[in-house]
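One letter stands for each residue in the lines below.
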Amino acid sequence: MAASELASRVKEGRHPDAPQQKDLDKCVHCGLCLNACPTYRELGVEMDSPRGRIYQMVQVATGAAPITDGYLEHMSLCLGCRACETACPSGVPYGRLIEAARTEIQARVPRRAPWRQIENFAFGTLLVTPWMLRLLGAGLWLHQKSGLETLVRKTGLLKLFGPLGKIEHLTPEAQLPTFYSNYGKVYFAEGPRKYRVAMLGGCIANVFFARLHEATVRVLQKNGCEVVVPAAQVCCGALHAHAGRREETRALARKNIDALLMTNFDAIISNTGGCGATLKEYHEILEHDEAYHDKAKVFVSKMKDVNEFLASIDLNKNMGRVERRVTYQDSCHLCHGQKVKAAPRQLLKSIPGLEFVEMPASDVCCGSAGIYNVVENDMAEEILASKMRNANSVAPDQIASSNPGCMIQLAAGCKLHGTGKLKDNAVPVRHVVELLDEAYRNA
Ligand code: SF4
Ligand code: SF4
């Protein structure tokens, strides 16, 4: 957006981060995105399709309609999966539009108490305060390891708490020590150093996916990387951006740029599709920040998803066999946001003994979508059931993915709807780098 448009918006009383007219104008209403949209596929309702949502955004932007409860509902029901972006022949930047619509909603229709306070605490304090996340992890770990969790499940006590009981099965396993204890450390390359890379831990993934992060470091070491885990890095701000909390995302982006850009890394690595998509958009997020915009561009030029990075280098093929039939579920933000689709498949096919099998509609969302499976649980469950029908149809032993959020959702899906080995497997879902790590350890 040009500075002049920004100025005229502010003059017109519109929120500076509201959907931009030039983005809205790109939609020619052809409807080619409709079948790619999981909510349209489930509901068959135009207003819950990408075209319908864009139409409603135009109505609000032109002042033809106010922000109504219906508008809030249709925007909230969008997964933000960006499958419509891939399907759209007109190049509508739908991801940017939905985040902008939610930012405007946040500013113009503040949430009611106590949800406002809960949201402010979760986004403004918990996600950005490592000691609190560590404390949460330790508490959950005790709850899970002491047998209390099993007891609570057996007694059905959580059903008394309504919606909480419905999402309890999505609680992942807390892992101690958390990956925060690796912050500030440097891991040397195995063999001659070919690259020097920075590894991003994120926020909740440090607590619930610490072992995945460690596996990522090991795989990078095996591939000639010296891996630095910068101590001053912070949460990437992806969840804030998806929820329309744009200013908080900007503040976090500046901190990460300050923490990582001074040291000359060959690449900055994320193993989380959702975080990576936002990290690669820091230059758009800081578009009007004169002090940071150029730095953000350099930062973005170094950002790589771990699949993308490993597929771009001469991969170490000294792997042992992993005898398993594996299918792959695309992470929406890796595939539609970052346009990385071939790399994870290429890596899986490079593992000796691994039989790769493609499931139908692997690039349709699993219903995880950040915290969507928590806040829109009913729709997320329906989408998950469809996903599991597709996964079961190819009878895999395991599902691979590239995003911790998808891994939690798919693991819950395997318990609820899995058939054959997916039902019986104690670990039915793995990240691609965990499978590579296993192959290197088997060598
Ligand atoms: S982001 Fe996903 S759920 Fe939202 S409109 Fe696009 S395809 Fe549909
Ligand atoms: S978003 Fe793209 S595909 Fe969908 S109706 Fe608009 S122009 Fe067509």
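First things first, this report covers the structure right here in the doc. On a predicted model such as this, the values are computed, not experimentally measured, just so you know.

Thresholds, definitions, all that
Residues numbered from 1 in each chain as written. Chains lettered and ligands numbered in written order. Predicted model: local features only at pLDDT ≥ 70, side-chain atom pairs only at ≥ 80, totals over all residues. Helix = DSSP H or I, 4+ residues; strand = E, 2+ residues; numbered from the N terminus. Rg over C-alpha atoms; globule rule 2.2 N^0.38 Å. Buried ≥ 20, exposed ≤ 12 C-beta atoms within 10 Å, placed from the backbone. Contact = placed C-beta atoms within 7 Å. Near = placed C-beta within 6 Å. Nonpolar A, V, L, I, M, F, W, Y, C, P; charged D, E, K, R; others polar. Axes fitted to C-alpha atoms, helices over the stretch in contact; angles between N-to-C directions. Parallel < 35°, antiparallel > 145°, perpendicular 65-115°, else oblique. Core = buried A, V, L, I, M, F, W, Y, C linked by C-beta atoms within 7 Å. Pairing = 2+ DSSP bridges.

1. As for the overall build of the chain
Then, in step 1: Summing up its helical and strand segments, the chain has 26 helices and 9 strands in all.
Then, in step 2: By the compact-globule yardstick of 22 Å for 443 residues, the chain fits well, its C-alpha radius of gyration being 22 Å.
Then, in step 3: Dimensions along the principal axes, computed over C-alpha positions, put the chain at roughly 65 × 50 × 45 Å.
Then, in step 4: Looking at the chain as a whole, 44% of its 443 residues qualify as buried.
Then, in step 5: Of the contacts made within the chain by residues no fewer than 6 positions apart, 79% connect residues no fewer than 24 positions apart.

2. Some details on unusual backbone geometry
Then, in step 1: For the peptide bond that leads from A113 to P114, omega is 0°, which places it in the cis range.
Then, in step 2: With respect to the secondary-structure elements, P114 resides in the loop between α7 (94-108) and α8 (115-124).
Then, in step 3: At the junction of L176 and P177, the peptide bond is cis and its omega measures out at -5° in the coordinates.
Then, in step 4: Structurally, the position occupied by P177 is in the loop between α11 (163-167) and β1 (186-187).
Then, in step 5: Although it is not a glycine, A361 adopts a positive phi angle of roughly 50°.
Then, in step 6: Secondary-structure assignment places A361 in the loop between β7 (354-356) and α22 (372-375).
Then, in step 7: Residue A361 is classed as partly exposed on the basis of its 18 C-beta neighbours within 10 Å.

3. Looking at the site of ligand 2
Then, in step 1: Within the structure, ligand 2 sits among 15 residues, and C27, C30, C33, R51 and C88 are positioned closest to it.
Then, in step 2: Mapped by element, the contributors of at least two residues to the shell around ligand 2 are α4 (50-61) and α6 (83-87).
Then, in step 3: Residues of the shell around ligand 2, tallied by class, amount to 11 nonpolar, 3 polar and 1 charged.

4. So, the site of ligand 1
Then, in step 1: Lining the immediate environment of ligand 1, one finds 14 residues, of which C37, P50, C78, C81 and C84 sit closest.
Then, in step 2: For the shell around ligand 1, the secondary-structure elements that each account for two or more residues are α3 (38-43), α4 and α6.
Then, in step 3: When the residues that make up the shell around ligand 1 are grouped by side-chain class, the tally is 10 nonpolar, 2 polar and 2 charged.

5. Overview of the packing of helix α23 (residues 377-392) against helix α24 (residues 404-417)
Then, in step 1: Across the interface, α23 lies against α24 with an axial gap of 10 Å and an inter-helix angle of 75°. By the angle between their directions, the pair α23 and α24 is classed as roughly perpendicular. Listed contacts from α24 to L384, A385, K387 and M388 of α23 are Q409, G413 and H417.
Then, in step 2: Classifying every residue of the contact of α23 with α24 gives 3 nonpolar, 3 polar and 1 charged.

6. Description of the nonpolar core
Then, in step 1: Ranked by internal contacts, the top residues of the largest apolar core, which has 114 residues, are I269, L348, C365 and L435.
Then, in step 2: When residues of this core are assigned to their parent elements, the largest contribution, 7 residues, is made by α24.
Then, in step 3: Setting aside anything within four residues of it in sequence, one finds L348 in contact with V326, Y328, L354, F356, A400, V432 and L435.

7. What to know about the sheet that holds strand β4 (residues 267-270)
Then, in step 1: Reading across the sheet, the 5 strands line up as β1-β3-β2-β4-β5 and stay open at both edges, with mixed pairing between neighbours. Two strands in the sheet have a free side with no partner beyond their single neighbour: β1 and β5 (303-305).
Then, in step 2: The pairing of strand β2 (residues 195-199) with β4 spans 3 bridges and is classified as parallel. Note on β4: the bridge partner recorded for V197 is A267.

8. Section: the pairing of strand β3 (residues 225-228)
Then, in step 1: Side chains C225 and V227 of β3 all project onto a buried face; the interleaved residues E226 and V228 project onto a face where none is buried.
Then, in step 2: Relative to β3, β1 runs antiparallel, the two being bridged by 2 bridges. Within the sheet, the bridge partner assigned to V186 lies in β3 and is V228.
Then, in step 3: Two elements, β2 and β3, share 4 bridges in a ladder whose sense is parallel. When the sheet's bridge partners are listed, V197 is paired in β3 with V227.

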